[in-house]
Amino acid sequence: MGVCPVVGSVLSHCPPSSFSRHKELLLFFLKPPSMVLKAFFPTCCASADSGLLVGRWVPEQSCAVVLAVVHFPFIPIQVKQLLAQVQQASQVGVAVLGTWCCCRQEPEESLGRFLEGLAAVFPHEPWLRLCRERGGTFWSCEATRRQGPGASSEDQVTLIFYDQRQVLLSQLHPPAVLPDRQVGADPTGTGGLAAVFHTVACSEALFRSDRFDEGPVRLSHWQSEGVEASILAELAKRASGPVCLLLASLLSLVSAVGACRVFQLRPLSFLGSKLSTCEQLRHRLEHLRLIFSTKKAENPAQLMRKANTVASVLLDVALGLLLLSWLHGRSRIGHLADTLIPVADHVAEELQHLLQWLMGAPAGLKMNRALDQVLGRFFLYHIHLWISYIHLMSPFVEHILWHVGLSACLGLTVALSLLADIVALLTFHIYCFYVYGARLYRLKIHGLSSLWRLFRGKKWNALRRRVDSCSYDLDQLFIGTLLFTILLFLLPTTALYYLVFTLLRLLVVAVQGLIHLLVDLINSLPLYSLGLRLCRPYRLAAGVKFRVLEHEAGRPLRLLMQINPLPYSRVVHTYRLPSCGGHPQHSWGSLCRRLFSGELIYPWGQRSDRQD
């Protein structure tokens, strides 16, 4: 049998040196549930006038959750009508649980006789009687049950104070599987804590009336001094409806234009699937449709996701505007354009030097001179074409950068995605070198593996996709031996070119990967949730802890329930937004195997349709 979570909370927050002092408290919680009744009382009602205790009784946990105090004078039928309205609106069984007596106003004898008669008007089992004695230092708490005509019994009561406003505004995040629970267990069975949070959260209709209302029933709760409201906030809510409807219609129109058949043609669809900018624009379009959607959030998780999305978009646009102002200030775009062409020429020159080094005797290795010269001249010709292309585009570079800078007004992520695409275009010759080297290396690896199977009397069965035995004649073995020898001696030259261009390709991919990681960080970081955790930690509750207020013989045990905030790591894990970028789809071992076999790699594989 698992330990009660209340006991677990006490154990987790009691140092070993004070364990002996809390021994009686632990033994008290380990008693059978029928002998101990837990009464959760809001701290805001501790100084309220005498009246009735209104709340919910949870029989499974033997606990009573007090929500408000109904003040004298009142008419019983009107109190019952109010509770019926609240129960219909909140779907929570709200009832009169007992009486509350604050002895600072009336003599205890006359008030006590009056309160005893209310048990017959509002029958409830058990009937609570809370009393705060003179001076406000001592409390008395009783719970009576009627066992028959003229007979009654009293239960031992533990009085637990809680901050009603914090519990109402907080969202409890219990662990998925507790150590003493099984998968699929009811979360409301964790010591009544989930039931307390659920009861307070669903009873918001009860908190709409306060003691200043002109109605027949006056209440004390966390909004007793008046309902918190703002005229500007109310006007903003009313004006946001038509604005959101108009913007949602415009976004739907943009989505319909993007989905037309013209953009589904082969060249446009191919570019849209490969460019990071198009992917980011689609992702931001989904965010805007979620923000301006007129559909009301069904649960707190959806509301938190929308708030995190709004914060993410606002931060993205703010950073983009800062980047835009920086680029267009002091002619920085012109300086970038003047620097870009020399850098591209320098990279091309370094590649030419590298190829000339490979065409000689790199690191003292003896290469196949004929193949070495063919490959070197082939790649040098590509570099010559690339330099011609760069110089052809040089007059338009400043205009291109100026328009690229304007994209920052759509957000920093759009500008970064465009930067990643520009890096891919500027290093397209390196990508071509890598593809050529990888294809040639893979062709030789496949040829050597096939000829190796020929020596062993095996062959690859393409229909059944397996290796089968096969008998070869002498001519086949002779030709296979010649081809195997040729491929084996040409392999070092091909492997060296493949190794060099693979390292260059991995360097470019690392730069693009850093850009994609920054984009994913801005897209997926739950900024609103982190702000709540920083400014109002009680809004995201991981659990509760209890502090002993009073534990004396002959008096009820009084505890203070405090909220444990959710750790920052769990906040990020719970409320992380979905990102448009893909994550590495291969492990390090798989990546090394693919590199060794010559397969093309796409480490950031944003789309699942990428193939070699």
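For clarity, every value in this text was computed on a predicted model and none was experimentally measured.

**Q** Looking at this structure, how should I read the overall build of the protein?
**A** Helix and strand content of the protein: 19 helices and 13 strands. Looking at the 612 residues of the protein, the share that counts as buried comes to 42%. Pairs at least 24 apart in sequence give 70% of the contacts found in the protein among residues at least 6 apart. Accessible surface computed for the protein: about 34500 Å², of which carbon and sulfur atoms make up 63%.

**Q** Can you help me understand a nonpolar patch on the surface in this one?
**A** Nonpolar side chains collect at one region of the surface, where Phe478, Ile479, Leu482, Leu483 and Ile486 lie side by side and expose about 480 Å² of accessible area between them. Relative to the helices and strands, Leu482 resides in helix H16 (residues 474-524). Judged by its relative accessible area of 42%, Leu482 is partly exposed.

**Q** Please explain helix H11 (residues 332-358) as it appears in this structure.
**A** Over its 27 residues, H11 extends 39 Å from the first C-alpha to the last, a length consistent with the 39 Å expected when each residue adds 1.5 Å. Check the buried side of H11 and you find it contacts helix H10 (300-327), helix H12 (369-393), helix H13 (397-406), helix H15 (428-455) and H16.

**Q** How should I be thinking about the pattern of salt bridges in this particular structure?
**A** Oppositely charged side chains can form a pair if their charged atoms are brought close together. Taken as a whole and judged by the stated rule, the model has 4 salt bridges. For Arg282, the salt bridge is made with Glu279, and the minimal N-O distance between the two is 2.8 Å. Of the two residues, Arg282 and Glu279 both sit in helix H9 (residues 276-291), 3 residues apart, roughly one turn of that helix. On the basis of relative accessible area, Arg282 is assigned to the partly exposed category, the value being 40%. Between Arg594 and Glu599 there is a salt bridge; the shortest N-O distance is 3.0 Å. With relative accessibility at 16%, the residue Arg594 sits in the buried group. What emerges from the salt-bridge pattern is a single network uniting Arg442, Arg594 and Glu599.

**Q** Mind showing me how you'd approach the UniProt feature "transmembrane region" (unreviewed entry) in the protein here?
**A** In the UniProt entry, the feature "transmembrane region" (unreviewed entry) is given for residues 309-327, 374-392, 404-436 and 474-491. Taken end to end, residues 404-436 is 82% helix and 0% strand, and its two terminal C-alpha atoms sit 31 Å from one another. Helix and strand shares over residues 474-491 are 100% and 0% respectively, and the end C-alpha atoms of the span are 26 Å apart.

**Q** Got a minute to help me understand the packing of aromatic side chains in this structure?
**A** What describes a pair of aromatic rings is the distance from one ring centre to the other and the angle between the planes of the rings. If you walk through the whole model with that rule in mind, you get 13 aromatic pairs. Consider the rings of Phe41 and Trp100, whose centres lie 5.2 Å apart with planes at 35 degrees: the pair is tilted. Note that Phe41 is positioned in strand S1 (residues 36-42) and Trp100 in strand S4 (residues 94-102), a separation of 59 residues in sequence. As far as burial versus exposure is concerned, Phe41 and Trp100 are alike and both buried. Feature note: the residues Phe378, Phe379, Phe433, Tyr436, Tyr497 and Phe501 constitute an aromatic cluster, connected by ring pairs.

**Q** How should the packing of H10 against helix H17 (residues 527-535) be read in this particular structure?
**A** For any two helices packed against each other, the geometry is given by the interaxial angle and the distance between the axes. Where H10 meets H17, the axes come as close as 6 Å, and the angle between the chain directions of the two elements is 105 degrees. With respect to H17, the axis of H10 lies roughly perpendicular. Contacts between H10 and H17 involve Met304, Ala307, Asn308, Ala311, Ser312 and Leu315 from the first element and Leu527, Tyr528, Ser529 and Leu532 from the second. Residue classes in the contact of H10 with H17 are distributed as 7 nonpolar, 3 polar and no charged.

**Q** Sorry if this is basic, but what is going on with the side chain of Ser597 here?
**A** Note on placement: Ser597 falls in helix H19 (residues 588-597). Taking relative accessible area as the criterion, Ser597 reaches 17% and is therefore assigned buried. Not counting residues within four places of it along the chain, the set of residues in contact with Ser597 comprises Tyr441 and Arg442.

**Q** Is there a simple way to explain the environment of Leu275 in this structure?
**A** By the element assignment, Leu275 lies in the loop between helix H8 (266-274) and H9. With a relative accessible area of 31%, Leu275 lands in the partly exposed category. As for Leu275 and Leu418, which are separated by 143 residues in sequence, their C-alpha atoms are 8.3 Å apart.

**Q** Could you clarify how one ought to interpret H10 in this entry?
**A** Three- or four-residue spacings in an α-helix give side chains the same orientation, since the helix completes a turn every 3.6 residues. If you check H10, its first and last C-alpha atoms are 40 Å apart, about what 28 residues at 1.5 Å a residue would give, namely 40 Å. Those residues of H10 that sit buried are Met304, Ala307, Asn308, Thr309, Ser312, Val313, Asp316, Gly320, Leu324 and Leu327.

**Q** Sorry, what's going on with the environment of Ala438 here?
**A** Considering the arrangement of structural elements, one finds Ala438 in helix H15. Apart from residues lying up to four places away in sequence, Ala438 is in contact with Tyr498, Gly598 and Leu600.

**Q** How should the packing of H11 against H16 be read in this particular structure?
**A** Where H11 contacts H16, the axes come no closer than 11 Å and their chain directions differ by 160 degrees. Between H11 and H16, the angle is such that the two are roughly antiparallel. Judged by the twist between their axes, the crossing of H11 over H16 is right-handed. Residues Leu351, Leu354, Leu355 and Leu358 of H11 touch H16, and the partners they reach there are Leu496, Tyr497, Val500, Phe501 and Leu504.

Calculation criteria
- Residues numbered from 1 in each chain as written.
- Predicted model: local features only at pLDDT ≥ 70, side-chain atom pairs only at ≥ 80, totals over all residues.
- Heavy atoms only, no water.
- Helix = DSSP H or I, 4+ residues; strand = E, 2+ residues; numbered from the N terminus.
- Buried < 20%, exposed > 50% of the residue type's maximum accessible area, 1.4 Å probe, protein only.
- Contact = heavy atoms within 4.5 Å.
- Areas by Shrake-Rupley, 256 points an atom, 1.4 Å probe, with all protein chains shown as cover.
- Patch = residues over 30% accessible without salt bridge, like charges linked within 9 Å, V, L, I, M, F, W, Y side chains within 5 Å.
- Salt bridge = Lys/Arg side-chain N within 4 Å of Asp/Glu carboxyl O.
- Expected span 1.5 Å × (residues − 1).
- UniProt positions renumbered as here; feature names shortened; annotations may be inferred.
- Phe/Tyr/Trp six-rings, centres within 6.5 Å; stacked < 30°, edge-to-face > 60°.
- Axes fitted to C-alpha atoms, helices over the stretch in contact; angles between N-to-C directions.
- Parallel < 35°, antiparallel > 145°, perpendicular 65-115°, else oblique.
- Nonpolar A, V, L, I, M, F, W, Y, C, P; charged D, E, K, R; others polar.
- Left-handed = near helix turned anticlockwise from the far one by under 90°.

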